[in-house]
Amino acid sequence: MTADTDVFFREWRRRRPGQTRSLDRARLLATELALLDPDIPVLTVVGSKGKGTAATFASAYLAASGLRVCTVTSPGLRSNRDRIRLDGRSRTEGEFQDLAESLGRAMDTLPAASAGYLSPSGLFTLGGVLQARRGDADVIVLEAGMGGRSDEAALFPPTVAAITPIFAEHVGVLGETPAAIAEEKAGVTNASTRAVVSVPQPPDVTEAIIRTLNGHGITLETLDEHRSLVPPRVLPDGFSRVNALLGCAAAQRMLEVRATAGPSADRLASVMASIILPGRLSWHLIPGTDSEVLADCAISRPGMATALAAARLRWGTIDHAFVCLPDHKDVAGAITELGDLPVTFVRLPYQHLRFTHPLPPGWQVVEADDLARVTLERSGRHVVALGTVYFIGRILELVDAYTDRLFRGPE
């Protein structure tokens, strides 16, 4: 980690036992940077899974309409530069360093952290809004962290919000039930929000979202997959498809709210066809070999089943699987789906993640820091890598995946 990148993690690294992230401190920093009223409409994506896909497709749809789009997602694909993009492009090293230095100077003016610290994801959100202002963006697309009301994205109330599937993840942190988690995530909105679009949700989650939005006088709009203007051939396969459609629907609502014309059919099809989604059922040759890796951020049994089915359809057989799932993910479901495949279980070096779930006796276990390209090469010609986005980011780095540009914006 470079010195300038460390700005984003400075207070998190220095946090004391019991200290938590502070939205008030983030607000103070945003005020110092004069960001709280960026005068740029914001489209915010919240949910438990698929936020990055929705944010990418929303950004591409808006860019196809001729708007300059700043996108903030989390975490980065291969580097932290990937978290902040203009018209689909990652920031250059120089641009990223300039952002980090600006944040660092503003942080130096704040009083010492006492009750709480500035979270890394929150600082990247603020950095993205700062980049949007510097880059003359017409619209900002924010992927919220794990929360909504408690997330730094809430400092920038959305004009439009998109809600991806919500399920029992981060139970005990965001809420004790999926409905409570849904209330927290929908709380990213306020009375200035003009539209909220959600994928179809379970009844208890839908009721919780509606109850939260009613407090702001907002009517929930549920995605109708059959009304999309996007050609089906340019949409991704698997679970990413509904989130891609959600992003496009939310972007169309943003255009309507702004009274901005949408893209022509040809322009929309062209930009959407240029989208790449590294780590979402993406295929990568290992450099210098004829071995191929399927990388997918599957964290549940249905996600694992979809990825494995895609691999078998393409290859016929799977030689090896690399899997990384901390205890709060669906480890049991993954074990069932992987069956008798040869598996290497990978553990990440993060203190907040636990890897204590019992594993089948035949599985190998390695630390992520020990994973190397040669490990993949020696595992066969057909390899799948499944698990958390942080782990998949490491796989993308090992196979030298292209991540600098996710779609072709306005020429």
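Shown above is the structure to which this text applies.
Thresholds, definitions, all that
Residues numbered from 1 in each chain as written. Predicted model: local features only at pLDDT ≥ 70, side-chain atom pairs only at ≥ 80, totals over all residues. Heavy atoms only, no water. Pairing = 2+ DSSP bridges. Helix = DSSP H or I, 4+ residues; strand = E, 2+ residues; numbered from the N terminus. Axes fitted to C-alpha atoms, helices over the stretch in contact; angles between N-to-C directions. Salt bridge = Lys/Arg side-chain N within 4 Å of Asp/Glu carboxyl O. Buried < 20%, exposed > 50% of the residue type's maximum accessible area, 1.4 Å probe, protein only. Parallel < 35°, antiparallel > 145°, perpendicular 65-115°, else oblique. Left-handed = near helix turned anticlockwise from the far one by under 90°. Contact = heavy atoms within 4.5 Å. Nonpolar A, V, L, I, M, F, W, Y, C, P; charged D, E, K, R; others polar.

Details of the sheet that holds strand β14 (residues 343-347)
Move 1: Read across the open sheet, the 6 strands follow the order β11-β12-β16-β13-β14-β15; overall the sheet is mixed. Only two strands of the sheet have a single neighbouring strand rather than two, namely β11 (282-285) and β15 (364-367). When strand polarity is set aside, the average angle formed by the axes of neighbouring strands in this sheet is 25°.
Move 2: Where β14 meets β15, 4 bridges bridge the pair, whose relative direction is parallel. Paired with Phe345 across the strands is Val365, a residue of β15.

What about the sheet that holds strand β7 (residues 139-143)?
Move 1: Sheet architecture is open: 8 strands sit in the order β5-β4-β3-β7-β2-β8-β9-β10, paired in mixed fashion. Where the open sheet ends on each side, the last strands, each with one partner, are β5 (89-90) and β10 (220-222).
Move 2: Here strand β2 (residues 42-46) pairs with strand β8 (residues 160-163) via 4 bridges, running parallel. Residue pairing for β8: Leu43 is matched across the bridge by Val160.

Description of the pattern of salt bridges
Move 1: The full count for this structure, using the stated rule, is 21 salt bridges.
Move 2: Residue Arg68 is joined to Asp87 by a salt bridge in which the shortest nitrogen-to-oxygen separation is 3.3 Å. Highlighted residues: Arg68 in the loop between α3 (51-64) and β3 (69-72) and Asp87 in the loop between β4 (84-86) and β5, separated in sequence by 19 residues.
Move 3: Assessed through its relative accessible area of 33%, Arg68 is described here as partly exposed.
Move 4: Overall, the relative accessible area of 11% leaves Asp87 in the buried class.
Move 5: When salt bridges with common partners are traced through the structure, they connect Arg21, Asp151 and Glu152 into a single cluster.

Side note on the packing of helix α10 (residues 301-315) against helix α11 (residues 331-338)
Move 1: Packing of α10 against α11 leaves a shortest axis separation of 8 Å and a crossing angle of 30°. Between α10 and α11, the angle falls in the class roughly parallel. Crossing of α10 against α11: the hand is right-handed. Listed contacts from α11 to Arg301, Met304, Ala305 and Leu308 of α10 are Gly333, Ala334, Thr336, Glu337 and Leu338.
Move 2: Here the residues of the contact of α10 with α11 sort into 5 nonpolar, 2 polar and 2 charged.

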